[in-house]
Each structure stands twice: as structure tokens, then as C-alpha cells.
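Read off the chains here:
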Amino acid sequence: MVEKYIPGYSSNATSFMAKRNVDSHAAFFKPYLQPGMKLLDCGCGSGTITLGFAKIIAPSTAIGTDIESSQVGLAWENAQSQGISNVEFREGSVYELPFSDRAFDAAFSHAVFEHLQSPLKALQELFRVLKPGGVLGLRSPDWGGFLIAPSNPELDRAITYYKLLQEKNGGNPYVGRHLRALLREAGFTDIKASGSYECYEDLSTIAEYLALRIESSDTVDLAVQKGWTDAESLGVMSQALRKWSQHPDGLFAQAWCEVVGRKG
Ligand SMILES: C[S@@+](CC[C@H](N)C(=O)[O-])C[C@H]1O[C@@H](n2cnc3c(N)ncnc32)[C@H](O)[C@@H]1O
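Residues numbered from 1 in each chain as written. Predicted model: local features only at pLDDT ≥ 70, side-chain atom pairs only at ≥ 80, totals over all residues.

Visitor: How should the overall build of the chain be read in this particular structure?
Guide: Helix and strand counts for the chain come out as 10 helices and eight strands. In terms of overall size, the chain behaves like a compact globule, its C-alpha atoms giving a radius of gyration of 19 Å where 264 residues would be expected to give roughly 18 Å. If one aligns the C-alpha atoms of the chain with their principal axes, the spans along those axes are about 55 × 40 × 30 Å. Split into buried and exposed, the 264 residues of the chain put 40% on the buried side. At a minimum sequence separation of 6, the contacts of the chain that also span at least 24 residues come to 79%. (Helix = DSSP H or I, 4+ residues; strand = E, 2+ residues; numbered from the N terminus. Rg over C-alpha atoms; globule rule 2.2 N^0.38 Å. Buried ≥ 20, exposed ≤ 12 C-beta atoms within 10 Å, placed from the backbone. Contact = placed C-beta atoms within 7 Å.)

Set out below in C-alpha cells:
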């Protein structure tokens with residue numbers, strides 16, 4: 001199976017991620033950071049979280065990496081528009097980081113591990129680039145803990161299908177619960193786990209994000225070709241998401257799992 005990043009890089013997906021910042025999505029890692037630390041943010045996307053880290057660890061430099069060059073470009077633009085200069089962005093895969101051994105005091109990765117086919121391999125690479133005593137923070141969702149209401153059969157089918165899509169593309173929608181074990185397996189010690197919920201105020205944000213993934217043409221072609229479902233059913237699923245998002249009592253509470261560990 002080939003690992004494929006399903007959210008893609010459309011303006012919808014990119015602006016969905018770009019709403020994130022350190023306080024909204026990485027607060028659990030802040031107590032471990034200090035001015036002067038060298039920090040890596042792996043799979044940084046448009047860099048909005050990395051920029052917050054840069055402010056905390058100044059005057060040292062925060063480095064963001066992403067496998068996708070368009071995201072690296074966006075991250076540089078965001079740094080420039082926010083006037084943050086102690087930050088760098090580079091293209092690179094989490095499986096083969098372009099850094100020497102023991103280069104960082106802290107490493108972080110947000111909303112990346114659920115898309116990886118070989119999370120342990122990625123963790124071993126993050127372990128390699130950390131200094132002894134260095135700290136790692138990871139945060140990924142676990143779809144087993146999501147609270148989505150009110151439910152209906154078409155909506156349930158849409159959610160089930162999105163999870164299938166992630167699995168069929170090499171990811172794991174339930175990786176959150178495994179992060180602690182993965183850290184231990186990779187050699188990290190002093191592991192702390194926590195969890196949190198993100199409730200979407202505007203349901204149409206998450207509904208549109210999921211609907212567009214379900215109905216994107218490459219996704220539909222692949223799903224039909226592989227026999228996972230048919231084009232008509234996909235249309236019904238994406239419309240169900242949009243209709244649900246207008247419900248006055250709708251709730252989408254996304255479960256996030258967080259872990260912090262040390263390279264002993
Ligand atoms: C869901 S986005 C998260 C972006 C950012 N960390 C955030 O939370 O806003 C996942 C990012 O991981 C990147 N990514 C996916 N697979 C990767 C890999 N193997 N190595 C490095 N980055 C990867 C994607 O290009 C994408 O920008």
C-alpha cells in the first residue's frame with residue numbers, strides 16, 4: 001500500500017489547518033519549552049503552530065519541515081507576514097529528516113501520525129535528531145472518541161467512509177490511543193499522556209472539509225475503481241454532512257490524544 005496524505009492541499013484544507021496556533025492546539029507542550037531551545041516541528045503545514053513555538057524559544061530558531069513544498073512556501077509567507085524571523089522552513093519527510101543526529105532539544109508533530117503508514121519508523125527518526133534528554137510532543141486524533149450528534153444513517157456512513165479512506169491510504173484513524181506505546185517502543189522514557197476535545201463552533205467548517213475530501217475527484221475515482229463504494233453514494237454522504245451542519249443542536253467534538261516523552 002502506498003502512503004497518501006488524504007486531506008490534500010486545496011485552499012479549503014490549507015485554511016482549515018491554518019486556523020491552528022500553539023494555544024489552541026499545542027498548549028500541552030508549552031510547559032516543556034524554554035527560551036534558547038532548538039525546536040523541530042515536523043509536518044508543520046502552513047507553520048501557524050511553528051510560529052508560536054518560535055516566539056517561546058527565541059532567540060533560538062524553530063525549524064518547521066513538511067513533505068510538501070507548497071506548504072513550506074506558505075509557512076515562509078506566514079512568517080514574513082507576522083514579522084517572525086527566528087524561524088526556518090524546509091522540505092523533508094519525517095522518515096528521513098534532513099538533520100544530523102542530536103540536533104534538537106525539542107521535537108513536535110501535530111496531526112501527522114494518523115496519516116503515516118510506519119509511525120514507529122517516523123518516531124525512530126525523531127528520536128535520532130533529538131539530543132539526549134531532549135523532549136518530544138505528539139498530538140493526533142482518535143476517531144474512536146469522536147462525539148458527533150445528532151446522528152443519522154447517511155451521516156454515519158459518511159464518517160465511516162472517511163475513516164476507511166484514511167485506512168486505505170496507509171493511515172490509522174485510531175492512532176491516538178497507540179501513541180504512548182509507540183513512544184515506548186521507539187525508546188522514549190518518562191512518557192506522559194493526556195487527551196482533549198476540540199468542539200467546532202461552526203459545524204460547516206468541519207462538514208465542508210470532510211465533504212470535499214469525500215467528493216474530491218481522485219478520491220471518487222479510486223473508491224469506485226477499488227469497489228469501496230459508488231459515486232452516487234459518495235454524493236449522498238457529502239450532502240448528508242452539509243445538511244447535518246445546519247442542525248441547530250449539532251455537535252462535533254474531536255478527540256485528540258497527546259503524548260510527551262524524553263530521549264533518556
Ligand atoms: C493535517 S496537516 C497538519 C499541519 C500542522 N502540523 C497542523 O496541525 O496545522 C499534516 C501535514 O503533514 C504533512 N505530512 C504528511 N506526511 C508527511 C511525511 N511523511 N513527512 C513529513 N510531513 C508529512 C502534510 O504535508 C501536511 O502538511
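So that's the structure; there's more coming.
Visitor: Please explain the pairing of strand E1 (residues 39–42) as it appears in this structure.
Guide: Looking along a regular strand, one sees side chains alternate from face to face of the sheet. The two faces of E1 match: Leu-39 and Asp-41 on one face and Leu-40 and Cys-42 on the other face are all buried. Pairing analysis gives four bridges linking E1 to strand E2 (residues 62–66), with the strands arranged parallel. Considered in E2, the bridge of Cys-42 is made with Thr-65. With three bridges joining them, E1 and strand E4 (residues 104–110) adopt parallel strand pairing. The partner of Leu-40 across the bridge, within E4, is Ala-107. (Pairing = 2+ DSSP bridges.)

Visitor: Help me understand the site of the ligand, please; the structure alone is not making it clear to me.
Guide: Residues in contact with the ligand amount to 19 residues; listed here are only the nearest, Gly-43, Gly-45, Ile-67, Val-94 and Ala-111. When grouped by side-chain class, the residues that make up the shell around the ligand number 10 nonpolar, six polar and three charged. (Near = placed C-beta within 6 Å. Nonpolar A, V, L, I, M, F, W, Y, C, P; charged D, E, K, R; others polar.)

Visitor: Would you take a moment to explain the nonpolar core for this structure?
Guide: A general trend in soluble globular proteins is that nonpolar side chains are found buried together. Formed by 48 residues in total, the largest nonpolar core has its most connected members in Leu-39, Phe-53, Ala-106, Ala-107, Leu-126, Leu-136 and Leu-179. Aside from chain neighbours lying at most four places away, what touches Leu-39 is Phe-53, Ile-57, Ala-62, Phe-104, Asp-105, Ala-106 and Phe-108. (Core = buried A, V, L, I, M, F, W, Y, C linked by C-beta atoms within 7 Å.)

Visitor: Got a minute to help me understand the pairing of E4 in this structure?
Guide: Burial within E4 is extensive, with seven of its seven residues counted as buried. When E4 meets strand E5 (residues 130–141), the two strands line up parallel, connected through six bridges. Looking at E5, one finds that Phe-104 is bridged to Leu-130. Read as a crossover between parallel neighbours, the route from E4 over helix H5 (residues 119–129) to E5 is right-handed. (Right-handed = clockwise from strand over helix to strand, strands pointing away.)

Visitor: Looking at this model, I keep getting lost on the packing of helix H6 (residues 153–168) against helix H10 (residues 231–244). Mind explaining?
Guide: Pairs of packed helices are described in terms of their axes, by the angle between the two and the distance that separates them. H10 packs onto H6 with a crossing angle of 115° between their chain directions and a minimal axis gap of 8 Å. Taken as a pair, H6 and H10 cross one another with a handedness that is left-handed. Two secondary-structure elements touch here, H6 through Glu-154, Leu-155, Arg-157, Ala-158 and Tyr-161 and H10 through Val-236, Met-237, Ser-238, Ala-240, Leu-241 and Trp-244. (Axes fitted to C-alpha atoms, helices over the stretch in contact; angles between N-to-C directions. Left-handed = near helix turned anticlockwise from the far one by under 90°.)

Visitor: Is there a simple way to think about the packing of helix H8 (residues 203–215) against H10 in this case?
Guide: The geometry of H8 relative to H10 is characterised by a closest axis approach of 9 Å and an angle of 175° between their N-to-C directions. Between H8 and H10, the interaxial angle falls into the category roughly antiparallel. For the pair H8 and H10, the contacting residues are Ala-207, Leu-210, Ala-211, Ile-214 and Glu-215 in the first and Leu-234, Gly-235, Met-237, Ser-238, Leu-241, Arg-242 and Trp-244 in the second. (Parallel < 35°, antiparallel > 145°, perpendicular 65-115°, else oblique.)

Visitor: How do you make sense of unusual backbone geometry when you look at a structure like this?
Guide: In most cases, non-glycine residues show a negative phi, while peptide bonds are predominantly trans. For the peptide bond that leads from Ala-58 to Pro-59, omega is 10°, which places it in the cis range. Looking at the element boundaries, Pro-59 is found in the loop between helix H3 (48–57) and E2. Cis rather than trans, the peptide bond between Ala-149 and Pro-150 has omega equal to -10°. In this structure, Pro-150 sits in the loop between strand E6 (147–149) and H6. Look at Ala-111: it is not a glycine, yet its phi comes out positive at around 60°. Note that Ala-111 resides in the loop between E4 and H5.

Visitor: Could you clarify how one ought to interpret H3 in this entry?
Guide: Note that an α-helix has 3.6 residues per turn; residues three or four places apart therefore point the same way. For H3, a buried count of eight out of 10 residues is recorded, marking the element as mostly surrounded by other parts of the structure. Taken as a whole, H3 has its buried residues at Thr-48, Ile-49, Thr-50, Leu-51, Gly-52, Phe-53, Ala-54 and Ile-57. Check the buried side of H3 and you find it contacts helix H2 (22–25), E1, E2, helix H4 (69–82), strand E3 (87–91) and E4.

Visitor: It is not clear to me how the environment of Ile-67 should be interpreted in this structure. Could you clarify?
Guide: Mapped onto the fold, Ile-67 is located in the loop between E2 and H4. Under the C-beta neighbour-count criterion, Ile-67 is labelled partly exposed, with 18 such atoms within 10 Å. In this structure, the C-alpha to C-alpha distance between Ile-67 and Glu-96, residues 29 residues apart in sequence, is 10 Å. The contact partners of Ile-67, leaving out residues within four places of it in the chain, are Gly-92 and Ser-93.

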